[in-house]
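# Remarks on the overall topology
Single-letter residue listing:
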Amino acid sequence: MVALTKIDLVDPERIEEMREQILELIKGSFLEGCPIAPISSKTGDGFDGFYDAFVKTVDRTVQRDASGPFRMHVEHTLVLQGLGTIVSGIPRSGAVKVGDDVELLPGGGTKKVRGVQVYGEEAASGQAGECVALRLADLSHDEARRGMVLATPGYFEPVRFVNASLHVVPNLSRPLKPRTAIRLHIGTTDVTGHLVLPELAPLAAGGEAYVQLQLNEPVVAAPGDFFVVRQLSPVRTLGGGHVVTPDTVKMRRSKGNWAQGVEEKEKAFKDPVTAVTYVFAHAGAAPLHLADLARQAFFSEEAVQACLGALVEQGIAVALPGERYASGRALVAAREELLTIMGGMHDATPLSTGFPKKDVFQGVKSDRTVADRALDELQKAGKVAAGETGLFLAERAPKLTPKQAAVAARLGELYRQKGFSAPRQDEVPALLGMPEKLIAPIFDYLIQIGVIVVLTDKVVLHRQSVEESRRRLVEYLQSHGQLESGAFKDVLDTTRKYAIPLLEYWDAQGLTRRTGNVRTLRQKPGPPGAG
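Residues numbered from 1 in each chain as written. Predicted model: local features only at pLDDT ≥ 70, side-chain atom pairs only at ≥ 80, totals over all residues. Heavy atoms only, no water.

## Some words on the overall build of the protein chain
Helix and strand content of the protein chain: 15 helices and 29 strands. Against the globule reference of 24 Å for 531 residues, the protein chain gives a C-alpha radius of gyration of 39 Å, more extended than a compact globule. Considered along the principal axes of its C-alpha atoms, the protein chain spans approximately 130 × 60 × 40 Å. Relative to its 531 residues, the protein chain shows a buried fraction of 42%. (Helix = DSSP H or I, 4+ residues; strand = E, 2+ residues; numbered from the N terminus. Rg over C-alpha atoms; globule rule 2.2 N^0.38 Å. Buried < 20%, exposed > 50% of the residue type's maximum accessible area, 1.4 Å probe, protein only.)

Right under this line is the structure:
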């Protein structure tokens, strides 16, 4: 509404004349169509009409959303004896209550709220749109100056670059140059800098464009903040608009898609859902903590938390332990990466029955937490399986060709017959009359499925021989109570080359306990094959 004051000083004809001038003046502005209320504060004339118009305007006004992080531009600072430093202003977003911590920006540190007044009355809290005064602890009068900002700690960062939507005033005498020296008024802050257009072509009066405000001093800004820019000399208003996003990067005209990117951000940062979706769409592979996600989206943690459930269901976000979230794209990339890595490992060793998880993850570039979730989903989907030897792709389970199966049978029979005098792996090609290249992958396959057991790099036995050694060892210890290491070769009718590695193997399996050079049973033996 518009108040036409001091009507007691003029006649009714002059009042009507001024009303017509005001109507012409506000045409095309945000005030066009609003009520004009003549009033005299001295005589009270016109008060009833003014009050009716005021009440209707208030009723039409949308209540300010207080769900975002708290942010208030400092208007006044004063010191009251016995109370300390009082800072007042009108919060742009969020709410504040007694006991909260607030951050003074730029560079003023964190302060504790000791008291709150709203419209001059003591209150437990204040919120966006209200006239709020805060009593802050450990704050001197000189620390908080007009133009500074009090905000929820960690949410806002002072910047020198602001991407904005600008509307040039219609009565500007000449077009705006691609780079114009300006004074920016935003909140209670005014700083100098330059208004930079994304194109080299000038911007005509009444025109609209996305611009970057490149400032000489940092300011605190958030999406939706209104601003006015004025020319430095001669002083005149150039236009106004709203902030799209604060930025830490200077605009480069060589990047022709700059304005398109700003337009995308303007559409995104209007509500928590679209803002969080945008953050995830441009997030890297690393997960974001809820607090970081809220800060990047310019909404409170509560508002972001409320929309995350739906985004997780849609696959846009992935919930991880510790209130962390990753983008759905990062999870998809991790799944593809795991499948690619494991596919390569299968290609290199086609007869492998599985790969240790640490070997698979050694080549993973995705965040480990995201990769773990991706692996879990691949296993649930049946694409990856886990066996005794590790992970493998379900569709790549090893299958021996008839020729390989015949070689495997000969290898197994060779080691079974040799018993406690089995050959080293490098001796096998000569014994079978086959090339090492053919035998090596099949030998490895037999190790993985447990037919052959590797005790040392020089001692390899058939599984039956290993189990036979266990049977004889247990039988001897149950009869004699203990065993000298050197005697075991006689028990097996072999040499120390095989006897000692077998004793050490059963020590490691928990079957026996070594004390010096003597073995005793550690546990009650289970059935053959246990351990």
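Having put the structure on the table, let's press on.
## Here's the deal with the sheet that holds strand 21 (residues 317-320)
The strand order 20-22-21 describes an open sheet built from three strands, whose pairing is antiparallel. Each edge of the sheet is formed by a strand with only one pairing partner; in this case those strands are strand 20 (288-289) and strand 21. In terms of strand pairing, strand 20 meets strand 22 (residues 324-327) through two bridges, oriented antiparallel. From the neighbouring strand, Leu288 faces strand 22, where its bridge partner is Tyr325. Where helix 6 (residues 301-313) meets the sheet, its contacts fall on strand 21 and strand 22, and the angle it forms with strand 21 comes to roughly 110°. (Pairing = 2+ DSSP bridges. Contact = heavy atoms within 4.5 Å. Axes fitted to C-alpha atoms, helices over the stretch in contact; angles between N-to-C directions.)

## Thoughts on the packing of aromatic side chains
We describe a pair of aromatic rings using the distance from one ring centre to the other and the angle between the two ring planes. Inspection of every chain in the model, using the stated rule, returns seven aromatic pairs. The interplanar angle of 75° and the centroid separation of 4.9 Å between the aromatic rings of Tyr505 and Trp506 together place this pair among those described as edge-to-face. What makes Tyr505 buried here is its relative accessible area of 16%. Taking relative accessible area as the criterion, Trp506 reaches 1% and is therefore assigned buried. Three or more aromatic residues joined by ring pairs make a cluster, and in this case those are Phe269, Tyr278 and Phe298. Cation over ring: Lys357 sits above Phe361, and NZ or CZ is 5.3 Å from the ring centre. Above the ring of Trp506, the side-chain terminus of Arg470 is found at 5.9 Å from the ring centroid. (Phe/Tyr/Trp six-rings, centres within 6.5 Å; stacked < 30°, edge-to-face > 60°. Lys NZ or Arg CZ within 6 Å of the ring centre and 35° of its normal.)

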